[in-house]
Every structure is written in C-alpha cells, then in structure tokens.
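Close look at the chain arrangement
Chain residues, written in single-letter form:
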Protein chains: 2
Amino acid sequence: MEQEPETDNALFQENERQTPLGDGRRYFDAGDMQLKAGGFLPSVTVAYETWGELNPSRSNAVLICHALSGDSHAVGWWDRLVGPGRTIDTEKYFVVGTNVLGGCRGTTGPCSMAEDGKPYGSRFPTILVEDMVEAQKRLTEALGVGKWALVAGGSMGGMQAIQWSVQCPQMVDRVWCTASCAAHSAMQIGFNEAGRQAVLRDPAFLGGDYYPGPGPVNGLAVARMIGHLTFLSESSFASKFGRALQGKEAFSYNGGTEFAVESYLNYQGDKFNQRFDANSHLVLTRAIDYYRLESFSGAGARFLFTAFDSDWIYPSHQSRELHRLAQLAGCQSEFVEINCPWGHDAFLLEEVEQGRLVRGFLSV
Amino acid sequence: MEQEPETDNALFQENERQTPLGDGRRYFDAGDMQLKAGGFLPSVTVAYETWGELNPSRSNAVLICHALSGDSHAVGWWDRLVGPGRTIDTEKYFVVGTNVLGGCRGTTGPCSMAEDGKPYGSRFPTILVEDMVEAQKRLTEALGVGKWALVAGGSMGGMQAIQWSVQCPQMVDRVWCTASCAAHSAMQIGFNEAGRQAVLRDPAFLGGDYYPGPGPVNGLAVARMIGHLTFLSESSFASKFGRALQGKEAFSYNGGTEFAVESYLNYQGDKFNQRFDANSHLVLTRAIDYYRLESFSGAGARFLFTAFDSDWIYPSHQSRELHRLAQLAGCQSEFVEINCPWGHDAFLLEEVEQGRLVRGFLSV
C-alpha cells in the first residue's frame, strides 16, 4: 500500500496539482479577529502570494480562493487556468492567492502557535466562511486593491467568492463560482461527517492536542479516501482503474491490496498526511457545512456560475440555484453546465470550456 | 451522538429492517468445504430459516439471498416482499433464508470457533460468492429441494442469485436479481476499500484477532457511515434531513454534532457494532469486490432484473448489462428500471413495482 500507483494521467493528480510552494509566500499581519461564531483570534497571519502587477487604475486585480485542501499557490493547483498566458493571465492581471483562515499552509490555523507559545489544537475556534473573507478583505486593503476585477474559486473557494459579493459588495466587480453551492445538502454534510468521524475516532487524535506528534494519520487518511471517492465520477474511476489489479496478474486472496483503485486511494490517503493537518480538516469541513448564502441581496457584482454534469457531490442544480438567486437579486448572471466526465475534480482540470467562459466573462 | 434521531420514517430503517431473530433459526451441518480461493473450512454450519411448506411436487421452493448486513430472517429485512400474503407468499411458497458463509449471524464466519476452540479471526480464509452458493446448495439438497422455483436477492444477494444460475443450472427455474451487478466497478470497490481501511487502521482491530474484546468499534462505525451514505440518494437525504439541526434551534459551534444527518450517521454506525462483526465486514466486502460474472453460458433459468434510477452506487446500467448478458446466453430475460427516489435502499423498501413485476414473473 506504500507503492505509488501509476497515475501519470493528469486527471488523477487532482488537488495534488499544487507544485511545491516556491516558496514565494508572504505573510500579512491581519490583526486581531472577532469571529462570526463567537471566537476570538489575536494577531492573525494571512499567507499569500501574488503574480503580475497592479495597474495604475487598480482595475486588474484578481483574487483566487482555494478549495478544502488547497493553498495560496494558485499557479500550482489551478495552473490550467491561472498563470502566464493562461485564462487568468498573470501577465495581464495582478493575481492574488491566499491560504484560508483555519488552514495549515501559512495562515493562522489550529497548528499555529497561540499566544502561550503552544499550538492552538483543540482551542482553535469555529471558523465560518465569513471569517475567511474578512481576513482576505484586510489583506485586500493592505495591498491597495479597491475593487477586485474578479473573485474566483471552486468548491469551498466558490463559497468564499460568492460570500465576497454580499459581504463586501463595493469591492467586487465579477464573481466566478465553479462547482459550488449556496449551502451544503444533507448528503454533502454526511460525507464530510464520515470523514470527520474517521479523524475524531482515531485514538491518536487525542482530543485535537496531538502536536507535535504525528496525530491521527490513519483517520485523516480514511477521511481523504472518502474525499477522493466524492471528487471523481463513476466513469472517471472506471476509465482510469476499472478492475485492474495492483502489480499482479492474479488475485492474491491474502487480505492485502488487490485492485489498483485500492492502492490509489490508500496512497492518496497516506500522502495527504504529509501536507495537511487533521484539525484543519475538521475546521474547514465544518466551515463549509455551516455555510449558507440566503440571498444575493445587496450584491453589485456580475456572476458566472459553472458546474459539471458528472459532478455528483456538488451537482449542477446547486449552481443553477445560485444563478437563480443572483437573478432574483437583480444581478447580471450566467450559468453554464459543462459536459465533462471527470466529476467534481473537473473544476481543477477542465480548461477548455471554463477558459472560454471566463475569458468571455472578463472581456465584458 | 448517542441519541437516537427521529427516524420513524420507514425509508430510513434500511438494512435495520430485520426484526430480531425469533429465533426460528436452524443449523445445517454442511460438512467440510474446500474453498474456491484456496482455503479450507472444516465442519461448516449454515444457519437458515424456512417458512411455508414444500408442496408434493416440490415446485414451490424459493431461496432468498441476503445483502451485506442481512441474515436468514428474510421475513424481517424483506418483509415488504416476503411473508404471508406478500409477493413472495409464505402461505403459497416454501421460502428459505440462509445466512451467508463468512457472515456473523449463525453461519460459519470469522467469529466462529475453529477446531482449536478459538475464534478464526485472522485465520478465516477468503470467501467467494461461489462458496456462498456451494454452502446453500448443500442445504438445498438436504432440504429435498430439487429445483428452486425462484432464487431472489438484491445487491450482494443478487450476486448469489445470478451465480446460482450458472453454478447449479439444473437447480434454478427463475432468478430475480435486484439492484446488483455482474462485477463491481472501480468506484464500488473504492467505497468498500474506504470502509475496510476504517476497520483495518483502527488500532483495536489487532490484526483481526480481537475476540472476545469489543474490536474495532470506531472503524466499523465509520465503515457503516460510509455504507449508509451510498445506500441513500441525494434526494432521500434531502427530504429526510435537509439542513435540520439535531435537537437545537441554533448552531452550538462547539465541535460537536450540529446537523440531524450527522447524528443519524453516527447512531447507525455505532448501532451496527451491536449486530455485526468487523471481520465479517472485511470478508464479505472482499467477496463482492472479487465477484465477476463473465457470462450466463449454460444457465437455463429465466431472469428478472430490476434496478432503481436513483441508485448511484449500483447504477441501473449494471442491471441492464446483466440483462444483455442473459439474452446473449439465450436466456429469457426481462429488465426494468424502476423510478424511485430512495437510492440503493429501494430494493429493500419499494414494494409496489417490484411486487408487481415479481408476481408477474412467478406466474409464467
């Protein structure tokens, strides 16, 4: 199960698409934060990266919001759409990526040191998507960006993007929200809860205070396996793995790994531990389960909503509903369901249709 | 999380639908078994129940094969279709239910005593669907049934039913296979593997030799949560739970259960430990992942295949493929996709269309 499966197919690099952090990260001191759910965080740090130059009229700034396991390095995990000559062209736009509040890639999160010099661990407060946006807003002001030409994101990143439009309506010109929703359904919450329980029920979780130990590596691996199962589609699993065996020509019948898909899932689960913190997994999955956009009332942005017909965990009817809500609030809005067999991961991987639609959206 | 959610809706009783074993079980000594995958089991016991009377021409016998977490008590878990006056009418048919080989409800399985007086545990061999059928075949002969008027089952039970038609072609008149498939896809194997890893990575698993201790109760609970997520559909989750909170009017933001769907999944996961053995979960999920029906060549039975449009884990195209394979082998076959929003669980719960189709199937 330690063996890396043959996954040269880019389709299955998925959230792993981030290149190593350069490391071009910078760190912004966002100050103290009174959180929406009641908690308090002193001296919040926001890790961020920028590409390109802000133009004199300050009209070319783009904010990229990452999904559950992403980070500030948008030219890594979203390099099919963000970079030099790409749809979100870093030679033309001033592009900013941040790590979300509660994460574990440089921004203040559960593994950060609290004021007593010990990691927050179980003491880390509940974070809402609204808090993620507030932290980004403070950075925005510090960067001298008055209004984002575009706030873009998929999945959890899409929630941040739509929240920007109602929380800071004067600061957003356009929102591109892909493979996301106004609020998680019971089934989406359920899949997140199964992953959380895999972590919480791992004895190595130690109530969340496992630092600097390895922590609940088995629980987090299982949570990541559940995640991967929801990121792909039946047909993408079938075309990549089918019933292929893992490194053998016949079954071993010995209780070990038999199928390539088993090896792939275990590999992804174990590898996730090298770059992600179990407490952040809890904090961030809870944040997106809590999230609910009731209305776009007050938003002044133009909206582009995209979704994928094979995405069964963020089904396209959820993006259609976002489009309907935007129209209801009197906003300019477009919704396109893209035909693509790759499931939820398509938002990271599909570049042709998303690229065409976003270029059109940015040109008007 | 210990609190039982309000699940009076029969839709969500699912595999829990079994009434307590009466206990009308009887135990058949099936003798020694040389297993298909190479293992050996001495003195196999098959737990079974019967209802109704075998008629003088011995033409009214029906075998019911259970799914992953079922047992011999077909008038319990399948009482919408099996019982007095039901579609499979125990006043008209001689109905037999058995617990599968490798299970934990009376038939020889990993928690049974080996010849040394200790539970098999990690020593229990790999079981294939073919072995389940062989054990049932020996019971069939002992019961004096020469030919089943019907072998019926859903999901894993459907695999046994179709395997009967090719393994013992002279002994099967009709096969009704619902919500099943000829072979698991990569995605189906993947979901099973995530559940297996939840068990295998639980330190309390102890390599499988955890008897008589509680065993990997947390791992098995997570595995069952994953299972439940696949048994239902997005719309059944939405209609039952939506975003309803669990016993509160506002979020607590304290790291505990917030949503009713979370409570439901944890409750089902924990309760599963009271009636199921983690080693059986491994053995049986592996058996169905291994299973592959290549062809119905040699089968003489008539076939009815049913599937449900909302069943995303055993999608209806898999049953259509079974129908195609049956026709290819020259067998009489019918396939019906039933419109029903309940997901995979529909095979246990839907009685109107399944009942109508099976009554018609039995009358010709």
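Residues numbered from 1 in each chain as written. Chains lettered and ligands numbered in written order. Predicted model: local features only at pLDDT ≥ 70, side-chain atom pairs only at ≥ 80, totals over all residues. Heavy atoms only, no water.

**Notes on the overall build of chain A**
The secondary structure content of chain A amounts to 11 helices and 10 strands. Here the C-alpha radius of gyration of chain A, 20 Å, is about what a compact globule of 364 residues would show, namely 21 Å. Here chain A, with 364 residues, has 66% of them falling under the buried criterion. Residue pairs in contact within chain A that sit at least 24 positions apart in sequence constitute 74% of those at least 6 positions apart. By element, 48% of the accessible surface of chain A is carried by carbon and sulfur atoms, the whole surface being about 12,600 Å². Computed over 30 positive and 42 negative side-chain charges, the separation of the two mean positions in chain A equals 4 Å. (Helix = DSSP H or I, 4+ residues; strand = E, 2+ residues; numbered from the N terminus. Rg over C-alpha atoms; globule rule 2.2 N^0.38 Å. Buried < 20%, exposed > 50% of the residue type's maximum accessible area, 1.4 Å probe, protein only. Contact = heavy atoms within 4.5 Å. Areas by Shrake-Rupley, 256 points an atom, 1.4 Å probe, with all protein chains shown as cover. Lys, Arg positive; Asp, Glu negative; His and termini not counted. Charge placed at Lys NZ, Arg CZ, Asp CG, Glu CD.)

**Thoughts on the sheet that holds strand β1 (residues 26–34) of chain A**
All names here are of chain A. The mixed open sheet is built from 8 strands, whose spatial order is β1-β2-β6-β3-β7-β8-β9-β10. The strands lining the two open edges of the sheet, one partner per strand, are β1 and β10 (333–338). Strand-to-strand twist across the sheet, computed as the mean angle between neighbouring axes with direction ignored, equals 20°. By the bridge criterion, 4 bridges tie strand β7 (residues 150–154) to strand β8 (residues 174–178) in an arrangement that is parallel. Directly across from A152, in β8, lies its bridge partner W176. Docked against the sheet, helix α3 (residues 156–167) engages β3 (61–65), β7, β8 and β9 (302–308), running at close to 150° with respect to β7. (Pairing = 2+ DSSP bridges. Axes fitted to C-alpha atoms, helices over the stretch in contact; angles between N-to-C directions.)

**What to know about the pattern of salt bridges**
Enumeration over the complete set of coordinates arrives at 32 salt bridges over all chains. Between R196 of chain B and E262 of chain A there is a salt bridge whose closest N-O contact spans 2.6 Å. Taken as a pair, R196 of chain B in helix α4 (residues 186–200) and E262 of chain A in helix α7 (residues 260–272) lie in two separate chains rather than in one. Classification of R196 of chain B as buried rests on a relative accessible area of 1%. Overall, the relative accessible area of 4% leaves E262 of chain A in the buried class. (Salt bridge = Lys/Arg side-chain N within 4 Å of Asp/Glu carboxyl O.)

**Focus: the layout of surface pockets**
Considering only enclosed or pocket space, the largest pocket measures out at about 390 Å³ in volume. By residue class, the composition of the lining of the largest pocket is 5 nonpolar, 5 polar and 4 charged. (1 Å grid on protein atoms, 1.4 Å probe; cavity = no way out; pocket = protein on both sides within 12 Å on 5 of 7 lines; lining within 4 Å. Points joined across faces, edges and corners; volume = space filled by probe spheres on them. Nonpolar A, V, L, I, M, F, W, Y, C, P; charged D, E, K, R; others polar.)

**Some details on the relation of the copies chain A and chain B**
Take chain A, turn it by 180°, move it 0.0 Å along the axis, and it overlays chain B with an RMSD of 0.0 Å. Here the two chains are linked by the operation of a two-fold rotation axis. Interface overlap between copies: 100% of the residues of chain A at the interface are likewise at the interface in chain B, consistent with a symmetric, same-surface contact. (Least-squares fit on C-alpha atoms with pLDDT ≥ 70 in both.)

**Considerations on helix α8 (residues 278–290) of chain A**
Between its terminal C-alpha atoms α8 of chain A stretches 18 Å, which fits the 18 Å expected from 13 residues at 1.5 Å a residue. For α8 of chain A, a buried count of 13 out of 13 residues is recorded, marking the element as mostly surrounded by other parts of the structure. (Expected span 1.5 Å × (residues − 1).)

**Comments concerning the pairing of β3 of chain A**
Residues and elements named next belong to chain A. β3 sits mainly inside the fold: 5 of its 5 residues count as buried. Alignment of β3 against strand β6 (residues 94–98), held across 4 bridges, turns out to be parallel. Bridged to I64 within β6 is G97. In this sheet, β7 lies alongside β3 in parallel orientation, the contact comprising 4 bridges. When the bridges of β7 are listed, L63 appears paired with V151.

**Considering the interface of chain A and chain B**
In this complex, chain A contributes 49 residues to the contact, which on the side of chain B involves 49 residues. For the chain A and chain B pair, buried surface summed over both sides reaches about 4,300 Å², with 64% attributable to carbon and sulfur atoms. Interface area lost by chain A to chain B is led by R201, R243 and Y253 of chain A, which between them contribute 18%. Taken together, the connections running from chain A to chain B amount to 4 salt bridges. There are 28 residue pairs in polar contact (both at pLDDT 80 or more) connecting chain A and chain B. (Buried area = accessible area lost by both parts, 1.4 Å probe. Polar contact = N/O pair within 3.5 Å; in protein donor to acceptor, adjacent residues only side chain to side chain.)

**Considerations on the pairing of strand β8 (residues 174–178) of chain B**
Residue and element names in this part refer to chain B. Most of β8 sits out of view: 5 of its 5 residues are buried. The alternating pattern of β8 places R174, W176 and T178 and V175 and C177 on opposite faces, both of which are buried. As for the winding sense of the linkage, the β-α-β connection from strand β7 (residues 150–154) through helix α3 (residues 156–167) to β8 is right-handed. Looking at chain direction, β8 and strand β9 (residues 302–308) are connected through 5 bridges and run parallel. When the sheet's bridge partners are listed, V175 is paired in β9 with F303. (Right-handed = clockwise from strand over helix to strand, strands pointing away.)

**Section: unusual backbone geometry**
At the junction of Y211 of chain A and P212 of chain A, the peptide bond is cis and its omega measures out at 0° in the coordinates. Within the secondary structure, P212 of chain A is located in the loop between α4 (186–200) and α5 (217–231). Residues other than glycine seldom take positive phi values, yet A179 of chain B does so here, at roughly 55°. Inspection of the secondary structure assignment puts A179 of chain B in the loop between β8 and α4.

**Some points on the packing of helix α2 (residues 129–142) of chain B against α3 of chain B**
Residue and element names in this part refer to chain B. Following both chains from N to C, one finds α2 and α3 inclined at 70°, their axes separated by 9 Å at the closest point. On the basis of their axis angle, the class for α2 and α3 is roughly perpendicular. The interaxial crossing formed by α2 with α3 has right-handed handedness. Within the contact between the two elements, α2 uses V129, E130, M132, V133, E134, Q136, K137 and T140 and α3 uses M156, M159, Q160, Q163, W164 and Q167. In terms of residue class, the contact of α2 with α3 is made up of 6 nonpolar, 5 polar and 3 charged. (Parallel < 35°, antiparallel > 145°, perpendicular 65-115°, else oblique. Left-handed = near helix turned anticlockwise from the far one by under 90°.)

**Describing the sheet that holds β7 of chain B**
Two pairing modes exist for strands in a sheet, parallel and antiparallel, and in both the strands are linked by backbone hydrogen bonds. All names here are of chain B. Taken in spatial order, the 8 strands of this open sheet run β1-β2-β6-β3-β7-β8-β9-β10, and their pairing is mixed. Both edges of this open sheet fall to β1 (26–34) and β10 (333–338), since each of them pairs with a single strand only. Recorded for the sheet is a direction-independent mean angle of 20° between the axes of neighbouring strands. Packed on one face of the sheet, helix α9 (residues 316–328) meets β8, β9 and β10 and runs near 170° to β10.

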